[in-house]
Amino acid sequence: MPSIGRVAVARAGIELKCYFRNRQAVIFTFALPLVLLLIFGAIYSGDAPGTHTPMKQVLIAGIIASGIMSTTFSSLAVAIAIERDDGTLRRLAATPMSPASYLLAKVAQAFVTGVLETVVLLTVGVGLFGLHLPNTAARWFTFAWVVALSIVACSFLGIAYSRVAPNARAAAPVVQLPYLTLQLVSGVFFVFTSLPGFMQVVAGCFPLKWMAQGLRSAFLSDSFQQSEAAGSWEHGRTALILGGWCVAGLLLSLATFTWGRAKK
């Protein structure tokens, strides 16, 4: 029997082909964060309150984090709910592929799309809004590990969350609720410390807040860290929390994933 890794790699290739052949899904998944960036980028002007950092650059870091969540958490949760409902998973269950290989293939597909979405948003941010790319090796390293941990954490959480949707028709609205809510409370569209205290506490329990903060630390000057909740970038805490969500997401995925529908 082929190894879990070999099967996962083969399945990942199929997942990528199926994903990019669904042009409407690709366009709308990639377009949502881009449209939000263009709209809010046109609205905002001047510096972020209490700083000398352009608000547009603060926004871009948050939108990139939101884009990663869109192409991983949201996309996988909806796709798996649909595959469970239309019988695709039951047919895959009849093959030698193990659940582990399937899950790894989904994460690999999400990793590719998450990186592509990030590149698109970076290109627009630099070209239209004057985003400054990381100017040191340390900042590029921060950018790389934040993006990698964010993609893995959101991918596994999306796989686990797909179980919440009872059927394919309910998948999109069930997924959009946490996605949109977390965007509003995690400092994606606003300076995080300008939000009410209870919202900051809630957002701190989930990955998106730390994803956005980690990306801000890669793009913005160190003077902006005084506007963060702790007055610093908190790289160690960010890595610990995102890494913890990677592990929690993996365990939740393994615990909740089945080939069939949930029993009523």
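Treat the numbers as computed from the prediction; the structure is a model and nothing was measured.

Secondary structure assignment for the protein chain yields ten helices and zero strands. Listing the helices and strands of the protein chain from first to last along the sequence gives α-α-α-α-α-α-α-α-α-α. The C-alpha radius of gyration computed for the protein chain amounts to 19 Å, which stays within 12% of the reference 18 Å derived for 264 residues, consistent with globular compactness. Along the three orthogonal principal directions, the C-alpha set of the protein chain runs to about 60 × 35 × 30 Å. Looking at the protein chain residue by residue over its 264 residues, the buried ones come to 49%.

Next up on the list: the packing of helix α3 (residues 55–85) against helix α6 (residues 137–161). A pair of packed helices can be characterised by two numbers: the angle between their axes and the separation between those axes. Put simply, α3 and α6 touch, their axes get as near as 8 Å, and they point 20° apart. When the interaxial angle is binned, α3 and α6 end up roughly parallel. In this structure, α3 meets α6 at a crossing whose hand is right-handed. Here α3 contributes Ile68, Met69, Thr72, Phe73, Leu76, Ala77 and Ile80 to the contact with α6, which in turn contributes Val147, Ser150, Ile151, Cys154, Ser155, Leu157, Gly158, Ile159 and Tyr161.

Direction vectors running N to C along α3 and helix α5 (residues 99–129) enclose 150°, while the axes themselves pass 9 Å from each other. What the angle tells us is that α3 and α5 run roughly antiparallel. Between α3 and α5 lies a crossing whose hand is right-handed. Residues that form the contact of α3 with α5 fall into these classes: twelve nonpolar, nine polar and four charged.

Over its 31 residues, α3 extends 43 Å from the first C-alpha to the last, a length consistent with the 45 Å expected when each residue adds 1.5 Å. Roughly 35° is the biggest bend found in α3, and it falls at serine 70. In terms of residue burial, α3 counts as a mostly covered element, since 26 of its 31 residues are buried. With its phi angle positive at about 90°, glycine 87 sits one or two positions after the end of α3.

Relative to the helices and strands, glutamine 200 resides in helix α8 (residues 197–203). Each C-alpha atom of the pair glutamine 200 and histidine 235 lies 18 Å from the other, and the pair is 35 residues apart in sequence. Not counting residues within four places of it along the chain, the set of residues in contact with glutamine 200 comprises Phe192, Thr193, Leu195 and Ala229.

Applying the stated criterion to the full structure yields twelve aromatic pairs. A ring pair is formed by phenylalanine 73 and tyrosine 161, whose centres lie 5.3 Å apart and whose planes are at 35°; its orientation type is tilted. Of this pair, phenylalanine 73 sits in helix α3 while tyrosine 161 sits in helix α6, placing them 88 residues apart in sequence. Classification of phenylalanine 73 by relative accessible area gives buried; the value is 8%. The class for tyrosine 161 is partly exposed, based on a relative accessible area of 23%. Seen in terms of ring centroids, tryptophan 140 and phenylalanine 143 are 5.7 Å apart; in terms of plane orientation they differ by 85°. Their pairing is edge-to-face.

Glancing now at the side chain of glutamine 213. Structurally, glutamine 213 can be placed in helix α9 (residues 207–219). Within the structure, glutamine 213 has its side chain in polar contact with the backbone oxygen of tryptophan 233 (distance 2.9 Å). Other than its neighbours up to four places away in sequence, glutamine 213 contacts Glu228, Ser232, Trp233, Glu234 and Thr238.

With that settled, consider the nonpolar core. Leu37, Ile63, Ile64, Leu215 and Phe219 are the most contacted members of the largest nonpolar core, which has 50 residues in total. Counting residues per element, the ones that place at least two in this core are α2 (23–43), α3, α5, α6, α7 (168–185), α9 and α10 (235–256). With twelve residues, α3 is the single largest residue contributor to this core. The residues contacting isoleucine 63, other than those within four sequence positions of it, are Pro33, Leu36, Leu37, Leu121, Val188 and Phe189. Core analysis: the second largest hydrophobic core is formed by 14 residues, Leu76, Leu92, Leu103 and Trp259 among them.

There is a patch of nonpolar side chains on the surface, built from Phe20, Val112 and Leu116 and spanning about 220 Å² of accessible area. For valine 112, the position within the fold is in helix α5.

As a further point, take unusual backbone geometry. In this structure, glutamate 234 takes a positive phi of about 55° despite not being glycine. Tracing the sequence through the fold places glutamate 234 in the loop between α9 and α10.

Thresholds applied
- Residues numbered from 1 in each chain as written.
- Predicted model: local features only at pLDDT ≥ 70, side-chain atom pairs only at ≥ 80, totals over all residues.
- Heavy atoms only, no water.
- Helix = DSSP H or I, 4+ residues; strand = E, 2+ residues; numbered from the N terminus.
- Rg over C-alpha atoms; globule rule 2.2 N^0.38 Å.
- Buried < 20%, exposed > 50% of the residue type's maximum accessible area, 1.4 Å probe, protein only.
- Axes fitted to C-alpha atoms, helices over the stretch in contact; angles between N-to-C directions.
- Parallel < 35°, antiparallel > 145°, perpendicular 65-115°, else oblique.
- Left-handed = near helix turned anticlockwise from the far one by under 90°.
- Contact = heavy atoms within 4.5 Å.
- Nonpolar A, V, L, I, M, F, W, Y, C, P; charged D, E, K, R; others polar.
- Expected span 1.5 Å × (residues − 1).
- Bend = angle between axes of the 7 residues up to and from the residue.
- Phe/Tyr/Trp six-rings, centres within 6.5 Å; stacked < 30°, edge-to-face > 60°.
- Polar contact = N/O pair within 3.5 Å; in protein donor to acceptor, adjacent residues only side chain to side chain.
- Core = buried A, V, L, I, M, F, W, Y, C linked by side-chain atoms within 4.5 Å.
- Patch = residues over 30% accessible without salt bridge, like charges linked within 9 Å, V, L, I, M, F, W, Y side chains within 5 Å.
- Areas by Shrake-Rupley, 256 points an atom, 1.4 Å probe, with all protein chains shown as cover.
- Salt bridge = Lys/Arg side-chain N within 4 Å of Asp/Glu carboxyl O.

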